[in-house]
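Structural characterization, general
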Amino acid sequence: MAITVGTGFLVQPSSSSSLSFRGRRNSCKPTLGGVAYRFLPTRSSGPSRLGCQTGVQAQQRPTWLPGLDPPPYLDGTLAGDFGFDPLGLGEDPQSLKWYVQAELVHARFAMPAVAGILVTDLLRVTGISNLPVWYEAGAVKFEFASTETLFIVQLILMGFVETKRYMDFTDPGSQAKEGSFFGLEAALEGLEPGYPGGPLLNPLGLAKDIKNAHDWKLKEIKNGRLAMVAMLGIFVQASVTHAGPIENLVDHLSNPWHNTIVRTLGGSSPS
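Residues numbered from 1 in each chain as written. Predicted model: local features only at pLDDT ≥ 70, side-chain atom pairs only at ≥ 80, totals over all residues. Heavy atoms only, no water.

**Some words on the overall build of the protein chain**
A tally of regular secondary structure across the protein chain gives 7 helices and 4 strands. Helices and strands in the protein chain line up, N terminus first, as β-β-β-β-α-α-α-α-α-α-α. A buried classification covers 23% of the 271 residues belonging to the protein chain. (Helix = DSSP H or I, 4+ residues; strand = E, 2+ residues; numbered from the N terminus. Buried < 20%, exposed > 50% of the residue type's maximum accessible area, 1.4 Å probe, protein only.)

This is the structure in structure tokens:
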């Protein structure tokens, strides 16, 4: 295969594995994506010279849309960075840092939320336990405390933890100082903002070297993004069908050609 470039060069594939330009006077061999190309001068009406004195290195990385160049501020160093920012929200470096932490926290909330909804709905549908459907669980009255008391306790506890997290974000390492967390600093062993670590939050010690834990960070954020999308689907599903996800699945499997998302969104009642 040969491709003519402009009016003076012929591009031919050769064999190599990196993008580089090594020039002699009349030839240059760059490679890209495992394929090398030779730039050879073709016939022209006048003299032509090809100088390849500067080495060029290029790396390709996966993006959310193949062939799309990611914005320059998303250079692939962040875990799960696939160049997705159509609104340009991360152009400001400080805003980008905050969005990274916000996504991480939402992902960590979504993962146990999805697991909890699926498990409780499975227990309810199978009759193992008399549990309320997940979107009505907040209205359940408990004997050991009133709803108001539980709300205030949660507000205080969550407010304290989120305040400490924000303080560590604005001043990394400040919350690992002695006396800053009721004497639990050694048990938490703050690794970096967003990754407190320690035997309490990292009991298996999977990422003690947080600087070289890119694979673990990538796995967490991928699962977290999947959980957030699943949570959105569960919200919409409950709003449309007024049922839990396991119940919806059982209805679909009972009559898969009739109880479908198309019929549901079209207003047809499931059989």
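Here the narrative resumes.
**Observations regarding the packing of helix α1 (residues 93-125) against helix α2 (residues 147-170)**
At a minimum axis separation of 12 Å, α1 and α2 run at an interaxial angle of 145°. For the pair α1 and α2, the crossing hand works out as right-handed. In contact with Lys97, Trp98, Gln101, Val105 and Phe109 of α1, α2 contributes Met158, Arg165, Tyr166 and Phe169. Grouping the constituent residues of the contact of α1 with α2 by class yields 6 nonpolar, 1 polar and 2 charged. (Axes fitted to C-alpha atoms, helices over the stretch in contact; angles between N-to-C directions. Left-handed = near helix turned anticlockwise from the far one by under 90°. Contact = heavy atoms within 4.5 Å. Nonpolar A, V, L, I, M, F, W, Y, C, P; charged D, E, K, R; others polar.)

**Some points on the environment of asparagine 223**
Along the chain, asparagine 223 falls in helix α5 (residues 214-241). On the basis of relative accessible area, asparagine 223 is assigned to the partly exposed category, the value being 44%. Residues asparagine 223 and alanine 110, 113 residues apart in the sequence, show an inter-C-alpha distance of 9.5 Å. Among the polar contacts listed, one links the side chain of asparagine 223 to the backbone oxygen of lysine 219, at a separation of 2.7 Å. (Polar contact = N/O pair within 3.5 Å; in protein donor to acceptor, adjacent residues only side chain to side chain.)

**Considering the nonpolar core**
By size, the foremost hydrophobic cluster in this structure holds 7 residues: Leu104, Ala107, Tyr195, Ala207, Ile210, Ala213 and Ile221. Core analysis: the second largest hydrophobic core is formed by 6 residues, Ala110, Ile117, Ala227 and Met231 among them. (Core = buried A, V, L, I, M, F, W, Y, C linked by side-chain atoms within 4.5 Å.)

**A closer look at unusual backbone geometry**
Its identity as a non-glycine residue notwithstanding, histidine 242 has a phi of 55°, on the positive side. With respect to the helices, strands and loops of the structure, histidine 242 is situated in the loop between α5 and α6 (245-254).

**Some thoughts on the pattern of salt bridges**
Scanning all chains against the criterion turns up 5 salt bridges. With a closest N to O distance of 2.7 Å, arginine 225 and glutamate 103 form a salt bridge. Residue arginine 225 is found in helix α5, and its partner glutamate 103 is found in helix α1; the two are separated by 122 residues along the sequence. On the basis of relative accessibility, which here comes to 27%, the residue arginine 225 falls in the partly exposed class. Three or more residues joined by partner-sharing salt bridges are found here, namely Asp121, Arg124 and Glu247. (Salt bridge = Lys/Arg side-chain N within 4 Å of Asp/Glu carboxyl O.)

**Some points on the side chain of aspartate 81**
Tracing the backbone through its elements, the reader meets aspartate 81 in the loop between β4 (35-41) and α1. Look at aspartate 81 and you get buried, because its relative accessible area is 12%. In this structure the side chain of aspartate 81 is engaged in a polar contact, spanning 2.9 Å, whose partner is the backbone nitrogen of glycine 83. Sequence-distant contacts of aspartate 81, that is, excluding residues within four places in its chain, are made with Arg61, Leu74, Asp75 and Gly76.

**Comments concerning the confidence of the model for the protein chain**
Mean pLDDT over the protein chain: 76, with 72% of residues reaching 70 or higher. For the protein chain, per-element mean pLDDT is lowest for strand β2 (residues 9-15), which scores 42, and highest for α1, which scores 94. Across residues 1-58 the pLDDT falls below 50, and counting only partners more than four positions away or on other chains, this stretch makes 100 contacts in the model. (pLDDT = per-residue confidence, 0-100.)

**Side note on α5**
Taking 1.5 Å per residue as the helical rise, α5 with its 28 residues ought to reach 40 Å, and the 40 Å between its terminal C-alpha atoms agrees with that figure. When we look at burial in α5, the residues that qualify are Lys217, Ile221, Gly224, Ala227, Met231, Ile234 and Ala238. In this fold, the buried residues of α5 make contact with α1. Following α5 by one or two positions, histidine 242 adopts a phi angle in the positive range, close to 55°. (Expected span 1.5 Å × (residues − 1).)

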